[in-house]
Amino acid sequence: MSFNKLGLSAPILKAIEDQGYTEPSAIQAQAIPAILEGQDVMAAAQTGTGKTAGFTLPLLEILSKGEHAQNNQVRALVLTPTRELAAQVAESVKNYGQHLGLKSTVVFGGVKINPQMMALRRGADILIATPGRMMDLYNQKAVRFDKLEVLVLDEADRMLDMGFIHDIKKILAILPKKRQNLLFSATFSPEIRQLAKGLVNNPVEISVTPRNATAVSVEQWLHPVDKKRKSELLIQLIAQGRWDQALVFSRTKHGANKITKQLEDAGIRASAIHGNKSQGARTRALADFKEGRIRILVATDIAARGLDIEQLPHVVNFDLPDVAEDYVHRIGRTGRAGATGKAISLVAADELDQLRAIERLTQKLIERRYEDDFIPTHMLPDTTLDTRPIKPKKPKKPKAPRDQHAGAKQGNAPKSGKRRPAAPKAEMTPGQGLRSKPLAPARRNRKPD
Ligand code: AMP
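Just so we're clear, the structure is a prediction, and the values are computed from it rather than from any experiment.

## Focus: the environment of Asn181
Structurally, Asn181 can be placed in strand β6 (residues 180-185). According to the relative accessible area criterion, Asn181 is buried, its value standing at 3%. Remark: the alpha-carbon pair of Asn181 and Asp40, spanning 141 residues in sequence, is separated by 4.9 Å. Non-local contacts of Asn181, meaning those with residues more than four positions away in its chain, are made with Asp40, Val41, Leu151, Leu199 and Val200. A distance of 2.6 Å separates the side chain of Asn181 from the side chain of Arg179, its partner in a polar contact.

Dropping the structure here:
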């Protein structure tokens, strides 16, 4: 299959060629024609499948046909959960639209609002935004949606996880009813289907990643190890395996900083990326990693989500995630585009519950490998595969409206169950309000990255 057959015009085909893409990915082959026909689309696709081009290319094609945006008007709105993802989508829009002359703007929180207001004054054919900043700009009358043609929700599952449901509902309420809707999500959970009901119209459904299945090209194993010796083991694995680069996941921001320091102390160039880092520091860390100036990027789940880092050979779970689905997202960062990746977990005895939840979700026991010098004194008990189906949880109605301008008070995280302990205090900003998803209190109220 070639891109020529998908109905895209010459300037876009030229940009695709400039990128060096020869064939559309599965999601692109399915989504592009449907979007060009004007249909609503619901697509289950993770980062790494080429989903961004899957909606960006046809979006550009559609927008290249109509009249350019007038002052303060927006013709297509792409909502993303994180600043990093917003910046990446904006970069794709620029790259794929380089021969078109359309105007695109990206806005997100954590940076000054005034330059964003100025940029919007001239209108944008495509606006890429995180939901909180989007609402702030709308409330300040910096943007109008009377002429909106297309709405894209990217990584909708993560937006719900991060408590953006109220912002999304508010945004939906101010958009014109007649518009095309594209919904992208890693999975179609019951919550996403609930959201979709009030959003998409008779959508074409596309799925390129089986729900909760881990990619076949990823070799997974775990090292049972005592908690205190994890850093030492990580350093040994990096050194002995002569790893080029790895993404290391930490459950907490504090943990990410600590691991980074220990790696640096061992002479391994590393940087941390998480919600407490300034936007500049995060952008720099990502650029340094992409360009090979640092060897190890240590990230929290929320910061790593949606990062476009190609074909990482190694992903390390320094801690197992509290939410089993995050394991699938994490290891999706390796073994991309046909290359085999390695997903390595360092598991201490007190992470048994998380391990069981992951194995139940993926329906696979993770192979255990023991390192001679790191045989744990606290043994990790054996696990057996729990084949009982996991019941989808019913979405709950939100309890209270979100306080838009609430300050960053800490510590009202809901009590949580054993498998999903509350996220550490540092990861939370209750000002983010409630979300409809009752599954993972650990993520509720997290500060968006
Ligand atoms: P995404 O899933 O949108 O994050 O894309 C993952 C990576 O795949 C990005 O680095 C894209 O540049 C790349 N990519 C997207 N489409 C193609 C394609 N058709 N052929 C090769 N690479 C692609």
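## As for the sheet that holds strand β12 (residues 314-317)
Pairing within the open sheet is parallel, and its seven strands lie in the order β10-β11-β9-β12-β13-β8-β14. At either margin of the open sheet sits one strand with a lone partner, and together these are β10 (270-273) and β14 (367-368). Relative to strand β11 (residues 296-299), strand β9 (residues 246-249) runs parallel, the two being bridged by four bridges. Opposite Phe249, over in β11, you have Ala299 as the bridge partner.

## Here we look at the environment of Leu307
Assignment of secondary structure puts Leu307 in the loop between α13 (301-304) and β12. For the pair Leu307 and Gly48, spaced 259 residues apart in the sequence, the C-alpha separation amounts to 9.5 Å.

## Digging into the pairing of β10
The alternating pattern of β10 places Ala270 and Ala272 and Ser271 and Ile273 on opposite faces, both of which are buried. By the bridge criterion, four bridges tie β10 to β11 in an arrangement that is parallel. From the neighbouring strand, Ala270 faces β11, where its bridge partner is Ile296. After leaving β10, the chain enters helix α12 (residues 279-290) and then returns to the sheet as β11, a path that is right-handed.

## Focus: a nonpolar patch on the surface
Side chains of Tyr370, Ile375 and Met379 sit close together on the surface and give an oily, nonpolar patch of about 280 Å² of accessible area. One can find Met379 in the segment after β14.

## Concerning unusual backbone geometry
With a phi close to 65 degrees, Asn72 is a non-glycine residue in the positive phi region. Here the phi dihedral of Asn202 falls at roughly 45 degrees; this positive angle occurs in a residue that is not glycine. Within the secondary structure, Asn202 is located in the loop between α9 (190-197) and β7 (204-207).

## A few points about the site of the ligand
If you check the shell around the ligand, you find 16 residues, and the closest are Tyr21, Gln28, Gly48, Gly50 and Thr52. Between the ligand and Tyr21, the relevant distance is 2.4 Å, taken from an oxygen atom to a side-chain nitrogen or oxygen of the residue. Take Thr49: an N or O atom from its main chain is 3.0 Å from an oxygen atom of the ligand. When the ligand sits alone it has 500 Å² of accessible area, and the protein chains cover 79% of it.

## Observations concerning the packing of aromatic side chains
What the rule picks out here adds up to three aromatic pairs. A centroid spacing of 5.0 Å and a plane angle of 55 degrees characterise the contact between Phe55 and Phe184, whose relative ring orientation is tilted. One end of the pair, Phe55, is in helix α3 (residues 51-65); the other, Phe184, is in strand β6, with 129 residues separating them in the sequence. Here Phe55 matches Phe184 in class, with each residue buried. A centroid spacing of 6.0 Å and a plane angle of 20 degrees characterise the contact between Tyr138 and Phe145, whose relative ring orientation is stacked. For Tyr138, a relative accessible area of 29% puts it in the partly exposed group. Since its relative accessible area comes to 3%, Phe145 is described here as buried.

## Looking at the pattern of salt bridges
Taken as a whole and assessed by the stated rule, the structure comprises 24 salt bridges. Among the salt bridges present, the one from Glu61 reaches Lys65, with a minimum N-O distance of 3.0 Å. Linking Glu61 with Lys65, this pair stays in helix α3, spanning four residues, or about one helical turn. On the basis of relative accessible area, Glu61 is assigned to the buried category, the value being 2%. Residue Lys65 is classed as exposed on the basis of its relative accessible area of 63%. Linking Lys230 and Asp319 is a salt bridge whose minimum nitrogen-to-oxygen distance equals 4.0 Å. Linking Lys230 in helix α10 (residues 230-240) with Asp319 in the loop between β12 and α14 (324-331), this pair joins segments that are 89 residues apart in sequence. Classification of Lys230 by relative accessible area gives buried; the value is 1%. We classify Asp319 as buried; its relative accessible area is 14%.

## A word on α12
For α12, spanning twelve residues, the distance from its first C-alpha to its last is 16 Å, which sits close to the expected 16 Å at 1.5 Å a residue. What α12 keeps buried is the set Gln279, Ala281, Arg282, Ala285, Leu286, Asp288 and Phe289. Considering only its buried residues, α12 is in contact with α4 (83-96), β9, β10 and β11. Immediately beyond the C-terminal end of α12, within one or two residues, lies Gly292, with a positive phi of roughly 80 degrees.

Procedures and definitions
- Residues numbered from 1 in each chain as written.
- Predicted model: local features only at pLDDT ≥ 70, side-chain atom pairs only at ≥ 80, totals over all residues.
- Heavy atoms only, no water.
- Helix = DSSP H or I, 4+ residues; strand = E, 2+ residues; numbered from the N terminus.
- Buried < 20%, exposed > 50% of the residue type's maximum accessible area, 1.4 Å probe, protein only.
- Contact = heavy atoms within 4.5 Å.
- Polar contact = N/O pair within 3.5 Å; in protein donor to acceptor, adjacent residues only side chain to side chain.
- Pairing = 2+ DSSP bridges.
- Right-handed = clockwise from strand over helix to strand, strands pointing away.
- Patch = residues over 30% accessible without salt bridge, like charges linked within 9 Å, V, L, I, M, F, W, Y side chains within 5 Å.
- Areas by Shrake-Rupley, 256 points an atom, 1.4 Å probe, with all protein chains shown as cover.
- Salt bridge = Lys/Arg side-chain N within 4 Å of Asp/Glu carboxyl O.
- Near = heavy atom within 4 Å.
- Phe/Tyr/Trp six-rings, centres within 6.5 Å; stacked < 30°, edge-to-face > 60°.
- Expected span 1.5 Å × (residues − 1).

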